[in-house]
Amino acid sequence: PMVSEVREKAVTVEISNTGDRAEYVSIALSRVLNPGVELADESLESIGKTLQPKLYVAPFKLQLAPGQSKTITLKPLVKIEQEQVYRLDIKPVVSLLDPKLKTIAGNVVVNLAFSALVRHIPVQETSTLTIKCEAGGGRFFATGNTRAHVEGVTVNGEPIDPFNVYPGVPLLLKGARISVPDQPECIAAGPAR
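Small disclaimer: the values here were computed from a predicted structure and weren't measured.

Okay, the pattern of salt bridges next. Per the stated rule, a full pass over the model turns up 8 salt bridges. When the shortest N-O distance is used, the salt bridge between Arg7 and Glu125 registers 2.5 Å. Here Arg7, found in the loop between strand E1 (3–6) and strand E2 (11–16), pairs with Glu125, found in the loop between strand E9 (114–120) and strand E10 (129–134); they are 118 residues apart in sequence, far enough to count as distant. Residue Glu125 is classed as partly exposed on the basis of its relative accessible area, which comes to 41%. With its nearest N and O atoms 2.9 Å apart, the salt bridge here joins Arg139 to Glu134. Through salt bridges that share partners, Glu5, Arg7, Glu83, Arg119 and Glu125 make up one connected network.

So, on to the packing of aromatic side chains. Summed over the entire model, instances satisfying the criterion amount to 2 aromatic pairs. Centroid distance Tyr56 to Phe60: 5.8 Å. Interplanar angle 80 degrees. Geometry classified as edge-to-face. Residue Phe60 is classed as partly exposed on the basis of its relative accessible area of 41%. Ring geometry for Phe140 and Phe163: centres 5.5 Å apart, planes at 80 degrees, overall edge-to-face. Of this pair, Phe140 sits in strand E11 (residues 137–142) while Phe163 is found in strand E15 (residues 163–165), placing the two residues 23 residues apart along the sequence. Here the two residues Phe140 and Phe163 agree in accessibility, since each one is buried.

What follows concerns the sheet that holds strand E5 (residues 55–58). The strand order across the open sheet built from 3 strands is E2-E7-E5, with neighbouring strands paired in antiparallel fashion. On the outer flanks of this sheet lie E2 and E5, each paired with one strand and no other. Ignoring which end each strand starts from, the neighbouring axes of this sheet average 20 degrees apart. Of the strand pairs in this sheet, E2 and strand E7 (residues 69–76) are connected by 6 bridges, and their pairing is antiparallel.

Our focus in this paragraph is the sheet that holds strand E16 (residues 171–174). Spatial strand order, E10-E11-E16: 3 strands in an open sheet with antiparallel pairing. Looking at strand neighbours, the two that pair on one side only are E10 and E16, the edges of this open sheet. On average, adjacent strands in this sheet sit at an angle of 25 degrees to one another, irrespective of strand direction. Sheet topology note: the E11/E16 ladder contains 4 bridges and is antiparallel. When the sheet's bridge partners are listed, Arg139 is paired in E16 with Leu172.

What you see with strand E6 (residues 61–64) is a clean split: Leu62 and Leu64 sit on the buried side and Lys61 and Gln63 on the side with no burial. Strand direction decides the pairing type here: strand E3 (residues 23–32) and E6, joined by 4 bridges, are antiparallel. If you follow Glu23 over to E6, its bridge partner there is Leu64.

Definitions and limits used
Residues numbered from 1 in each chain as written. Predicted model: local features only at pLDDT ≥ 70, side-chain atom pairs only at ≥ 80, totals over all residues. Heavy atoms only, no water. Salt bridge = Lys/Arg side-chain N within 4 Å of Asp/Glu carboxyl O. Helix = DSSP H or I, 4+ residues; strand = E, 2+ residues; numbered from the N terminus. Buried < 20%, exposed > 50% of the residue type's maximum accessible area, 1.4 Å probe, protein only. Phe/Tyr/Trp six-rings, centres within 6.5 Å; stacked < 30°, edge-to-face > 60°. Pairing = 2+ DSSP bridges. Axes fitted to C-alpha atoms, helices over the stretch in contact; angles between N-to-C directions.

What follows is the structure, given as structure tokens:
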């Protein structure tokens, strides 16, 4: 799955090797410090560098034979009060010193890595949204303890794609007139003179 949710109990993710040779895989879990931004702008903190991690992944490495599947476990270590977001990165480890790879000169070897989003969600969920109009647009705040999924928004009369706002990470949407269902229309204040 591209998104997994972890609550009070451990969750598993299955990975499979559909290729015709053995794969060595590394598994890393990092907390997203600024969820809701574009992927290229994400700021990550590896759980290996965290003093008191709240979520754990096992194993960190594994080997998959052709056609084999294995399970990765995401285990919550403590109850949380506010949603936290993580990136689960699964990457093949390629050794250029492998004698088998030396015999395939002239061929192309493709190994695919993937990244999944992991939402660590508190037991009691509340999702609310507040919008504050300011110069140049509207600032969106998730005022509950989980993300607020926002859809049906128009900016200057044009619809935009749905997006998420996470607790503690306000999001500025630029535009002169912002309409959100079930919210008062936000008409951006002009610059101070």
